[in-house]
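# A look at the structure
Read off the chains here:
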Amino acid sequence: MKLSQSLNENISCLSRLLPLEESFDLMHRTLTLGKTRAFFLGVNGFCKTEILQQILSDLQDPLYVQEEEITDITAYVNAKIGYVQTSLADSWDTILQNVLSGPAALFVDGFAQAILIDVRTYPARSIAEPDLERATRGSRDGFVETLLSNANLIRRRVRAADLCFAMHSVGTDSHTDVAVAYLGHAVNRELLGKLTDTIDSLKATSLTMGTKSLEELLLPKRWWNPLPAIQMTERPDVACSYLLEGHILVLVDNSPLVMILPCTIFQFTQSPEDYYKSPSVGTYFRLIRFLCIPVSLLLMPLFLLAGAWFPEFSASIGLLAEEEITPQRLFFYVMAVELLLDLFKYSSSVSSGKFSGSLSIVGGLLIGDMAVGMNWASVEVLFYAAVTLLSSLSLTSTEFSDGIRLYRMLLVAATGFLGLPGFLAGLFLVLLSVATTPTFGGFSYFWPLFPFNGKALGRLLLRSPTPKAQPTKVWDRGEIHT
């Protein structure tokens, strides 16, 4: 729907479209620019008051604006409004979307166009290091909930001329701003086109949970695929390193998380900590982190398998100090400790920082000791559960760690009920679930292992020195699948 040349008709239309008199945060007033009537509209708290006040003051100053009547709105904007971020719009949809996003609108009598003045400012927290991606050395900044600030953090590190932030809008009600960032010389154009078409065709009312909601809209997953299919980060240095390698970044307004496309399983084993240490030390800790994945997945099921179903073997290697323990009791011990660890992990993550440390340490010691005394657990089970928990916490991606957690519970349950056949069947289901994890664009989830790329695999397993780790070209990830 287009604007009318009559200011009164435009004001009447605004009154029908917006609750001008009921909503306290909608600022509006009638102005006189020389002898021409105008109407101002903006959202209180979204506009920089000082800049807006200066612009309107100049437009009403007879010494500054010598014309008594406005005859050409384009020439008027170019000559009399010195603010850079100014444009004209003639569609009500465009005007309303802009006003509700922050820019102010100025309607002038006699013209079927409104002047949009982008003086927006959003309430934002200060930039700080993300809690879940901390590094002992390196930068201490992190993404925030403002899209423009996040784009600035990326452009501050990557000053390439072909760095582009393509803007999209998602949600019929929320009209959430979504920016797709890429390097023109390195991006996979086919993947970029598929991503752009998918975002523009999304049917959603709003992105309630920001980046997470967009992830589930872009790549719907089945319930038997708990592993993450899209990598997210709150660290600008991590996002920029992937950007320089040819990946695509997706930024969502009101969310500090940035999506990285395409995604492989090996990306969840990387940590910025490796690159803030020497190559040898970084390689050592990276290999330790790789080792923690099978330990977190298989240690407890293998302990249960040996202790409950092969007592002679477990007695020969001293796996259990109590030889009279029955398979049913050992299975109960393992499940009880697993659930208690989940309870501690969840409660410490949602509780206040003043209490989470003491809650997880002191509470774990007290309840563990009482569980052993009440015959609800054994010392051996607590030990192997503690090693499993430490292995899980060493994984940099909490979403990846939670997926491994669900796989471990499946293996424990299958082993406890069926023994060795159950363990093998559960392991097969886990491998099948991992192999069928979907990825956006149809790229292999196991690249560079399949399709095999020895050079890329070596860089993932070993921390390369900086001169050898420069992204000189985009690694071939195979053909895209539609």
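Look a little higher up for the structure.
Report follows, based on the coordinates. The model shown is predicted, which means the values in this text are computed figures rather than measured ones. (Residues numbered from 1 in each chain as written. Predicted model: local features only at pLDDT ≥ 70, side-chain atom pairs only at ≥ 80, totals over all residues. Heavy atoms only, no water.)

Turning to the sheet that holds strand 9 (residues 248-252), a few remarks are in order. Pairing in this open sheet of five strands is antiparallel, and the strands run 6-7-9-10-8 from one edge to the other. The sheet terminates laterally at strand 6 (163-170) and strand 8 (231-233), the two strands that pair on one side only. Strand-to-strand twist across the sheet, computed as the mean angle between neighbouring axes with direction ignored, equals 25 degrees. Where strand 7 (residues 176-183) lies against strand 9, four bridges are found, and the strand directions are antiparallel. By the bridge assignment for strand 9, Ala 181 is matched with Leu 249. Set on the sheet, helix 6 (residues 189-200) makes contact with strand 6, strand 7, strand 9 and strand 10 (258-261); between it and strand 7 the angle comes to about 175 degrees. (Pairing = 2+ DSSP bridges. Helix = DSSP H or I, 4+ residues; strand = E, 2+ residues; numbered from the N terminus. Axes fitted to C-alpha atoms, helices over the stretch in contact; angles between N-to-C directions. Contact = heavy atoms within 4.5 Å.)

Counting 24 residues, the largest nonpolar core has Val 178, Leu 195, Leu 214 and Ile 248 as the members making the most contacts within it. Broken down by secondary-structure element, the contributors of at least two residues to this core are strand 7, helix 6, helix 7 (211-218), strand 9 and strand 10. For this core, the element with the most residues is helix 6, which contributes four residues. Setting aside its immediate chain neighbours within four residues, Val 178 contacts Leu 147, Ala 166, Met 167, His 168, Val 170, Ile 199, Leu 207, Leu 214, Val 250, Leu 251 and Val 252. (Core = buried A, V, L, I, M, F, W, Y, C linked by side-chain atoms within 4.5 Å. Buried < 20%, exposed > 50% of the residue type's maximum accessible area, 1.4 Å probe, protein only.)

Within this structure, the stated rule accounts for 17 salt bridges. We note a salt bridge from Arg 405 to Glu 338, for which the minimum N-O separation is 2.2 Å. Taken together, the residues span a long stretch of sequence, with Arg 405 in helix 14 (residues 398-418) and Glu 338 in helix 11 (residues 327-350) at a distance of 67 residues. Accessibility expressed as a relative area gives 2% for Glu 338, which makes it buried. One salt-bridge network, in which partners are shared between bridges, spans Glu 129, Asp 131, Arg 134, Arg 140, Arg 235 and Asp 237. (Salt bridge = Lys/Arg side-chain N within 4 Å of Asp/Glu carboxyl O.)

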